[in-house]
Amino acid sequence: MADEYKDDFLYVGKDYRRKDGPEKAMGTAIYASDITLPNSLFAKVMTCPWAHAKIKKMDTSKAEKIEGVVDIIRYDDPRIKDTKLMSSWNHPFTAYLTENVEELKDFLPSEGFYDGEEMGVIIVAESEDICEEAMNAVEVEWEQLPFVLDPEDSIKKDAPIYYPGRETMIGNGNEIPGCEFSMGDVDKAFKESDEVWTVPVAEPMINWVGAEMPQVTCNWEGEDVVVYAHTQQPYDLSLYTAANLGLKQCQVKVITPYSGGTFGERAFVQHFNDQGITYIAAMVAKQHKRPCKCFINRADQFRSARSQCYMHGEIKIGANKNGKINAVSIKNFTSHQRAGLWITGSAYSGYDHFTDNTCVQNIKMEDHCAVTSQPPGWWFRCEQNIGSYNLGIVNSEVAHKFGLDPTDVAILNNGYEGHDVDYLYNIAKEHGLPTRDSLKACIETGKKAFGWDSKFHADGAKKLPNGRYHGVGFIWDHAWNDNVNTITVGLSLNQDGSVNILGQRDDLGTNDKTTYSQIAAECIGIPYEMVNYRCGDSTAPFQLKNPGGSMGVISQSRGIMRAAKKLRTAIFDKALTLNLPEFKDAVVDDLDLKEGYVFKKSAPNAKVHISDIAATCLPYATQPWGISCKGVIMVYDTNVTKRKWGYPDGGTRPRFARQCHFIEVEVDPDTGEIFMTNINNVVDVGVVISPKSCRGQAYGGAMQGLGRAYSEEYIYDKTYGVILNPDLQEYKIVTMLDFETAEAELEESHNAGGEWGCGGIGEDVATLIPAILSDAVRNAIGVSITEQPITPDKIIMALKDKK
Amino acid sequence: MKDKDEEKAVLSRRQFLKDAGIVLGTSAVGSAALLSACGTNEITKTDTVTKTSTVTKNVTTTVVEKETLPLPIETENGRLLISFTVNGKKFDATVEPRETLHHLLHEQLGFKSVKTFCSRGGCGSCSVLLDGRPVLSCMTFASSVGGKDIWTSDGIGKEMPELIEAYIDNECMQCGYCTPGFIVTAAALLKRNGNPSTDEIREALAGNLCRCGTYPVHIKAVHEAASAMGGK
C-alpha cells in the first residue's frame, strides 16, 4: 500500500499564528520549575566532587544547626537502607537496544564513580538557599580511588575495574559489548582504490544545556502522588516513579507543563536527574506531609549528566580519483558510564548512515564502548551524531583529496545498501511512492540559494582583503524519518463542532500545538481554528510519542489520520440518522466533510455545518434542574510500527528523503578564530506542515550543531578527573554574535515517511552540521581538522604544520 | 475594583515608554552586552544608595532625592522591608539580605516570566527592567530595589504589544523559556533607540542565550517591532 498522496492542502503548508506564541512571548507560559506549591519544602542531593571516591566519614552536625534545615538524609540513614532505583537496563526501550539485564541502582550510594554523581546526602530545608548553605556545611572525608577518562585506556587489561560485578555483561569489567558490522570485502577494495588514507576523528563530550534545569515537585493526594516534572517522557516517569515508590502506576500522575528545552536529554527517565530527584521529592513530601521540590543547580546539572559522549577514532578511506568511494573502515572508541544508555549499534557509529545513503559496497565498522569516569547520558539532538559525522567527514575527505566539488562527490555516491540511486527509487516506484531524487533536488536548491558555484574554490586559495581565509563547506545525509514505537491519538468532537486532539503533553518547542492542529484539520475536514491540542498528563488515555521528538510528526500524523477517518465515519453515521433533506437516500460513502460542512459528494452546495450534527450526537438528557447534557463523539486509533521507518502497511523501507547544508566561513590566520558568515540549510521534509516552524527548526538545529563543532566541550582536569567548565561562562554555546546570516530552504518530495510523506526536522540538522565546519575550514586554510571542536588553537597549529 | 493607590500606580503606556528611557541608577550587574542595551552614551554616577544622578543621550539630568529612594528597613528577624513597583503596581516585601531580585520576583511575588537558566549572570533569561535599565535579576540583591520601578516581560508586553506580536509572528520562541528575557532586553533597546540597526540589535541581544537557536528571527522581529512602533 502506498502512502496517501496529497498536495491540494487547505490547512497544511500554511503559516498560522503559533498557539503557544502569546504565552511564551509574554512569559506567562508555566514550566515545571515555575511551580512551587504553598508550604513547599526543598531538597538537594550531594554530588561526588571527585572522579572516583568513597565516603570515609561524613559530619553533618554543622548543617543540622542551620536554621531552616528540616531533615538530613544520609547514605547510612536507616530510612533508606537497601533502597534501590530502577536501573537503566530494565527499561523496555533500553532493553531493546542492549540486553535485558535486571539490575537496580543504589539510591544514595557512599561511592561515586564520576565527578558529579549524585550520592551521599540529601538536605531538606525551607528554601533552596538554605539547602545550598547546609550542603556546603557538610564535612566529608573522602577516599579517592583510581579512575580512567579515556575509553581506549579503559578497555586495557591494566585499567582499574570501574564497575565491579558487571563482568558477566561487560567483557573486562569496563568494556561494553561493542559492535562490528561489515559489508563486502574492505581489504580487497582498498587494494583496488586509487588512494587509501586514514584520518583521525574525534567528537567532544557535550552537554544538553536545556534552558530549564531538571526540577521536580511532588505532592501527595491521599495515597496518590502528583509529580510536576521537566521531562520528555511523562508516561515513562510515572512508570518508574510507581516502581520506585511501590505504587501502582495508576496512583502516579505526572504533569508536564511547558518544558524549557528537552532535546532528547529529558527523555532519560532512568537517570537520577529524572527518576532519582522524583523519588526524593516524593519521599520527602510523604514523610513530612508537605509538598517538596527537588532541584539541581546548573553546575550539578553539567556534572551529573552529559549528552553526547566523547569519541575518538580513525577512518580509513579508499577512493578513486573521480570521487567514487570504494571502501570505508571505521574504528571508534566511545566513552560511557554505567546507568547510561549504551550508544552503540550500526546507526550510532556510522554503518547505517553509509548503507542507508550510499552505494559504497565495502564497509567495516568497529565500535568500542567503555565505561569511564565521565557522567552518564542519553542524547541531545541526537544519538546519531557520531554516525552522521563519520559520513560527513568521509564525503569531505574524498572531495578534498582529489580536488573535487563535495556536492559532486555526494551525488556520485548517493544510493542505498551498496546500490546506486536508481536502485533506491525503483524500490519507491514498486511501492507507488514518488521517485524524485531527493539529494539532487536539495543540492540544486541549496547551490542556487547559497551561490555555491561562484563561491566554491580550491583549498586555501582565497584570502580576503581583511586578511582572513575564505572557505565554503557542504554536508549531506538522509532526512530524519524514524518511526519507532506505538502512539495512540484521541480525537474528541465537541458540541460546537470543534475538535480536541487528546494525548499526553510534553511540549518540546516544535510548535506541536499548531502543527498537529493543522494536520487534524486537514484530515478531518474542518477549519484549523476548530482544532486544538491542549493535551493531558501521564494519566491521559492517549499516549502520543514524544510530541515533536525524533518521530513526532511522522508518528503523530499517521495516528491523527487514522483517528480522523474514524471520526469522519462517526460524523457521517450520525448525520444520516438525522433525516435531513441534504442527505436524502445517501449512505456513508456518499458523504464528504470539508471546511466544516458535511455534504453529499454529488450535491456539494447542499451542506450542513458540523456543529449542527455535533449538537445532536446524543439525545438531550434533560436533568431535573433543567440543564441539558449532551454527549460527544470520541474516537481513537493507534499507529504501530515495530521498528524504524515503515510502510503504512508494515515492514521497513529505505530512507528516500535527504538533506544537505552549505556554509561560508572566514578564518583568521593570526588568531585562529572562525567567523561563520552564512549558512543555508536545505531539508527534504517530505511535506511542509508549518513553514515558519520548519525553517525555525532548521536554523535552530544549525545553531546547535555549530556550537558543538567549534566551541562546546567539557574540559577535564586529567590529573584529578574533574570537570573544569560546568557553567555557561566557560562552556560556550552559540550566541547572537556567532553567525551573520542563516537561511533555510525546504524541499517536498512527499517521501519522508509520515502521512502524505511528511517528515521531521530540527534534530537532523543539529546532527549533521558539525562535520560541515571541518569541510569549510579545510577549504579555507587547506588543512584537514577532523577532531572537533575546531578551536582557535587547532587552527593555529594546523597552519603552523602547513608551513 | 482597583483602589485609588493601585490606579495611580498603573502607568499609562505613554508614561511607561517615557520612564523606561530614563535611567534612575542602580548598581546594575550584568554582561557587557546587556549593559550595552542601555547605550554607550549613558553615564551613571551613584553617590549613595539614596541619591543618583544620571545622564543619557535622550534625557538630560534627573536627580532623585533621598525621600523617594527609601533605605530598606530591617525587621525583627533580620529581614529587610522594601517597597517598590512591579509593572506599575506597588509592592511591600521583606527579603533576606542575601536574597536575589530573581527570587523575590519569581518565588515571593509570583512573576514567573523571570526565568533562571544559568543562575550566574551568563544567560539573560532573568532580565528585568530596573528603573528602565535591563539588569540580571539573579545577580541583583533584592534589598537594593527599594523605591525602584521594575518591569518584567509580561508587564512590558502589555505596554508594547507591537514587540510581542512581532515575536509571535516571527516565531522567536521554540521552547520559549528564554523568550521573556529577550523581550526585556529588546524593549530596553527599542526605548533607547527607536530604529536600531541589525548590528545594534545583535549587540544588544548578545547576552541572551537561546539553546533552541532562535537567534536569526529575533533580529527580524525587533526590526518589525521598531517599524510598527514608528520609532516611539
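Just so you know, these numbers come straight off a predicted model, no measurement behind them.

Draft legend 1. Quick look at the overall build of chain B. Within chain B, the regular secondary structure consists of nine helices and nine strands. For chain B, with 232 residues in total, the buried portion stands at 58%. Looking at chain B alone, contacts between residues at least 24 apart form 60% of all its contacts between residues at least 6 apart.

Draft legend 2. Representation of helix 14 (residues 421-430) of chain A in the model. Residue and element names in this part refer to chain A. For helix 14, the full list of buried residues reads Val-421, Leu-424, Tyr-425, Ile-427 and Ala-428. Buried residues of helix 14, seen end-on, are gathered within an arc of 140° and therefore sit on one face of the element. Residues Asp-422, Lys-429 and Glu-430 are exposed on helix 14 and point more than 90 degrees away from its buried face. Buried positions along helix 14 lie against strand 18 (415-416), strand 19 (419-420), helix 15 (438-450) and strand 30 (658-667). In the stretch just after helix 14, Gly-432 is the one whose phi turns positive, near 70°.

Draft legend 3. Structural context of the packing of helix 13 (residues 406-413) of chain A against helix 15 of chain A. Residues and elements named next belong to chain A. Close contact between helix 13 and helix 15 brings their axes to 10 Å; oriented N to C, the two are set at 165°. Taken together, the axes of helix 13 and helix 15 are roughly antiparallel relative to one another. For the pair helix 13 and helix 15, the sense of crossing is left-handed. Here Thr-407, Ala-410 and Ile-411 of helix 13 come into contact with helix 15, specifically with Leu-439, Lys-440, Ile-443 and Lys-447. Considering only residue class, the contact of helix 13 with helix 15 consists of four nonpolar, one polar and two charged.

Draft legend 4. Broad picture of the packing of aromatic side chains. The tally for this structure, following the rule as stated, stands at 25 aromatic pairs over all chains. Each ring, one from A:Tyr416 and one from A:Tyr423, has its centre 6.4 Å from the other, and the planes form 25°; the classification is stacked. Using a relative accessible area of 12% as the deciding quantity, one classes A:Tyr416 as buried. Look at B:Phe182 and B:Tyr215: their rings are 6.4 Å apart centre to centre, the planes differ by 55°, and that puts the pair in the tilted class. With a gap of 33 residues between them, B:Phe182 in helix 7 (residues 179-192) and B:Tyr215 in helix 9 (residues 215-228) connect regions that are remote in the sequence. Using a relative accessible area of 0% as the deciding quantity, one classes B:Phe182 as buried. Ring-pair connections join several aromatic residues into one group, and the members of that group are A:Phe450, A:Trp452, A:Phe456, A:Phe474 and A:Phe662. Against the face of A:Tyr528 rests A:Lys19, its NZ or CZ located 4.7 Å from the ring centre. The side chain of A:Lys607 reaches across the aromatic face of A:Tyr597, ending 4.8 Å from its centre.

Draft legend 5. Representation of the interface of chain A and chain B within the structure. Of the residues lining the interface, 59 residues belong to chain A; the matching set on chain B comes to 46 residues. When the buried area of chain A at its contact with chain B is split by residue, A:Ala25, A:Met26 and A:Met736 rank highest and sum to 17% of it. One can count seven salt bridges joining chain A with chain B. The partner of B:Glu165 in a salt bridge is A:Arg17, with the nearest N and O atoms 2.5 Å apart. Counting across the chain A and chain B interface gives 29 residue pairs in polar contact (both at pLDDT 80 or more). Elements with a contribution of two residues or more to the side of chain A that touches chain B: helix 1 (21-26), helix 4 (128-137), helix 9 (298-304) and helix 20 (691-710) of chain A.

Draft legend 6. Region of the structure containing the nonpolar core. One finds A:Leu773, A:Ile781 and B:Tyr167 to be the most contacted residues of the largest nonpolar core, which totals 129 residues. With ten residues, helix 21 (residues 763-781) of chain A is the largest single contributor of residues to this core. Here A:Ile781 is in contact with A:Gly460, A:Tyr469, A:Val667, A:Ala798, A:Leu799 and A:Lys802, once residues within four sequence places are set aside. Formed by 46 residues, the second largest nonpolar core is a distinct cluster that contains A:Leu493, A:Ala575, A:Val598 and A:Ile610.

Draft legend 7. Seen up close, the domain arrangement of chain A. Residue and element names in this part refer to chain A. Partitioning chain A into structural domains gives domain 1 (2-28 + 484-633), domain 2 (32-147 + 214-295) and domain 3 (311-482 + 641-802). Taking only C-alpha atoms into account, the centre of domain 1 sits 38 Å from that of domain 3. Contacts between the two partners involve 30 residues from domain 1 and, on the opposite side, 32 residues from domain 3. Around 2500 Å² of area is buried between domain 1 and domain 3 when both sides are counted, 55% of it from carbon and sulfur atoms. At the surface where domain 1 touches domain 3, the tally comes to zero salt bridges. Our count for the contact surface shared by domain 1 and domain 3 stands at nine residue pairs in polar contact (both at pLDDT 80 or more). Secondary-structure elements contributing two or more residues to the side of domain 1 that touches domain 3 are helix 17 (512-524) and helix 18 (552-576).

Draft legend 8. Looking closely at the pattern of salt bridges. Taken as a whole, this structure holds 39 salt bridges over all chains when the rule is applied. The residue A:Lys253 makes a salt bridge to A:Asp537 at a minimum N-O spacing of 3.9 Å. With A:Lys253 in strand 13 (residues 252-255) and A:Asp537 in the loop between strand 23 (531-533) and helix 18, the pair connects residues that are 284 residues apart, well separated along the chain. Under the relative-accessibility criterion, A:Lys253 is labelled partly exposed at 31%. Of the charged contacts in the structure, one is a salt bridge between B:Asp92 and B:Lys90, with a shortest N-O distance of 3.3 Å.

Scoring rules and cut-offs
Residues numbered from 1 in each chain as written. Chains lettered and ligands numbered in written order. Predicted model: local features only at pLDDT ≥ 70, side-chain atom pairs only at ≥ 80, totals over all residues. Heavy atoms only, no water. Helix = DSSP H or I, 4+ residues; strand = E, 2+ residues; numbered from the N terminus. Buried < 20%, exposed > 50% of the residue type's maximum accessible area, 1.4 Å probe, protein only. Contact = heavy atoms within 4.5 Å. Arc of directions from axis to C-beta. Axes fitted to C-alpha atoms, helices over the stretch in contact; angles between N-to-C directions. Parallel < 35°, antiparallel > 145°, perpendicular 65-115°, else oblique. Left-handed = near helix turned anticlockwise from the far one by under 90°. Nonpolar A, V, L, I, M, F, W, Y, C, P; charged D, E, K, R; others polar. Phe/Tyr/Trp six-rings, centres within 6.5 Å; stacked < 30°, edge-to-face > 60°. Lys NZ or Arg CZ within 6 Å of the ring centre and 35° of its normal. Buried area = accessible area lost by both parts, 1.4 Å probe. Salt bridge = Lys/Arg side-chain N within 4 Å of Asp/Glu carboxyl O. Polar contact = N/O pair within 3.5 Å; in protein donor to acceptor, adjacent residues only side chain to side chain. Core = buried A, V, L, I, M, F, W, Y, C linked by side-chain atoms within 4.5 Å. Domains from an automatic or database assignment.

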